[in-house]
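The residues making up each chain are set out below.
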Amino acid sequence: MKSSDVAELRAFVAIIERGNFARAAEWLNVSPSALSQTIQRLEARLGQRLLNRTTRTTRPTEAGQQLYERVWPALREISAAQAQLQEQQDELGGRLRINSSSTGAAYALAPHLASFAEAYPGIEVEIVISDRLEDVVASECDAGLRLGESLEQDMVGVPMSNPLRWIAVASPVYLARAGTPEHPAALKEHACINMRWPSGGHLFQWEFGCEGRSVRVAVTGPLCTNDVATRLRAVKDGLGIGYFLEPEVWDLLSAGDAVEVLGSWCPREPGFYLYYPGNRLVTPQLRAFLDHVAARRQKIVATQ
């Protein structure tokens, strides 16, 4: 049965229960003329007159009464089922555990947490911060959040942000002292703020691309740390050039404490994705969060 068929039957039942078109139209939040057209479509589809109308009352015909007696219990069950599902959603509780990097949590998860808590007050969200690409099953998490380029093929990935850029930045003080690099290879002659992969322990190579060309640079410098806040402070203080995800340096750039270098070599790449194993049943808490985020992102796109 089409959804429009159900809507026509609901309109028909509303007229009988409320005695006339005007009261039924008010209850359904439609105009009396629109309601009249709905009943005309229903009668045309069924090939029978269902209602007798006078200036004061509206009563079902014999065929209409028979239809009402068969349809009303079914519609009542549908309404009860919908109410029960809504009640279950309102009462949905438990814990939702998500493994995420600190940047991903702040940029891609945090904007949704307040509205999600309002919609599902019974769900406790726990965000486990880790820079490692964790096995969400082994870490007893429902899902993880990482950049799209890091996801394995057996994972289901749901976009949580727009594409992002890795960018190189430095303070005006540092650039005045050491000059501005014009090509990624020139970074070898500069002091750079390094970081190390949490898994494997090797130093992070800075990646750049321009017009189909890709360049990886192994940089050196006076500081190596995985802590974003420390690297940001080092850049601000003129210690060297740093390499960050764009959201990490928005405040520094807007305040004029840093400027981007090698901008033409920093293309956009896949943003943050919420991921979970494709062969694992999605928990009700995770499904609720995924649906909530999808609805909010769709609303944002619609307003742009």
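*Asks:* Break down the overall build of the protein chain for me, citing the residues and quoting the values.
*Replies:* When you go through the protein chain residue by residue, the secondary structure sums to nine helices and 15 strands. Split into buried and exposed, the 304 residues of the protein chain put 39% on the buried side. Partitioning the intrachain contacts of the protein chain with sequence separation of at least 6 by distance along the chain shows that 74% fall at a separation of at least 24. Summed over all atoms, the accessible surface of the protein chain reaches about 17,100 Å², with 51% contributed by carbon and sulfur.

*Asks:* Describe the side chain of Thr103, with residues and values.
*Replies:* Within the secondary structure, Thr103 is located in helix H5 (residues 102-119). A residue is classified by how much of its surface remains accessible, and Thr103, at 12% relative accessible area, is buried. The contact partners of Thr103, leaving out residues within four places of it in the chain, are Ala108, Val228, Leu245, Glu248 and Phe272.

*Asks:* Before we move on, could you go through the environment of Ser36 and cite the residues and values that matter?
*Replies:* Locating Ser36 in the fold gives a position in helix H3 (residues 32-46). Taking relative accessible area as the criterion, Ser36 reaches 14% and is therefore assigned buried. Apart from residues lying up to four places away in sequence, Ser36 is in contact with Phe21 and Arg53.

*Asks:* Go over unusual backbone geometry with me, naming the residues and quoting the values.
*Replies:* Look at Asn29: it is not a glycine, yet its phi comes out positive at around 65°. When you line up the elements, Asn29 lands in the loop between helix H2 (21-28) and H3. By relative accessible area, Asn29 is classed as exposed at 71%. You will see that Leu262, though not glycine, has its phi angle at about 60°, which is positive.

What counts, and where the lines are drawn
- Within any chain, residue numbers begin from 1 and follow the written order of that chain's sequence.
- Where totals are concerned, whole chains, interfaces and linings use all residues; where local detail is concerned, this predicted model gives features only for residues with pLDDT of at least 70, and gives and counts side-chain atom pairs only at 80 or more.
- The basis for every side-chain value is the complete set of non-hydrogen atoms in the structure, without hydrogens or water.
- Runs of E in the DSSP output that reach at least two residues are strands. Runs of H or I that reach at least four are helices, and both are numbered from the N terminus.
- Categorising residues by exposure relies on relative accessible area from a 1.4 Å probe, with only protein chains included: less than 20% of the type maximum marks a residue as buried, more than 50% marks it as exposed, and the intermediate range marks it as partly exposed.
- Should any heavy atoms of two residues lie within 4.5 Å, those residues are considered in contact.
- Here the accessible surface of atoms and residues is derived via Shrake-Rupley with a 1.4 Å probe, and residues count as covered only by protein chains that are part of the display.

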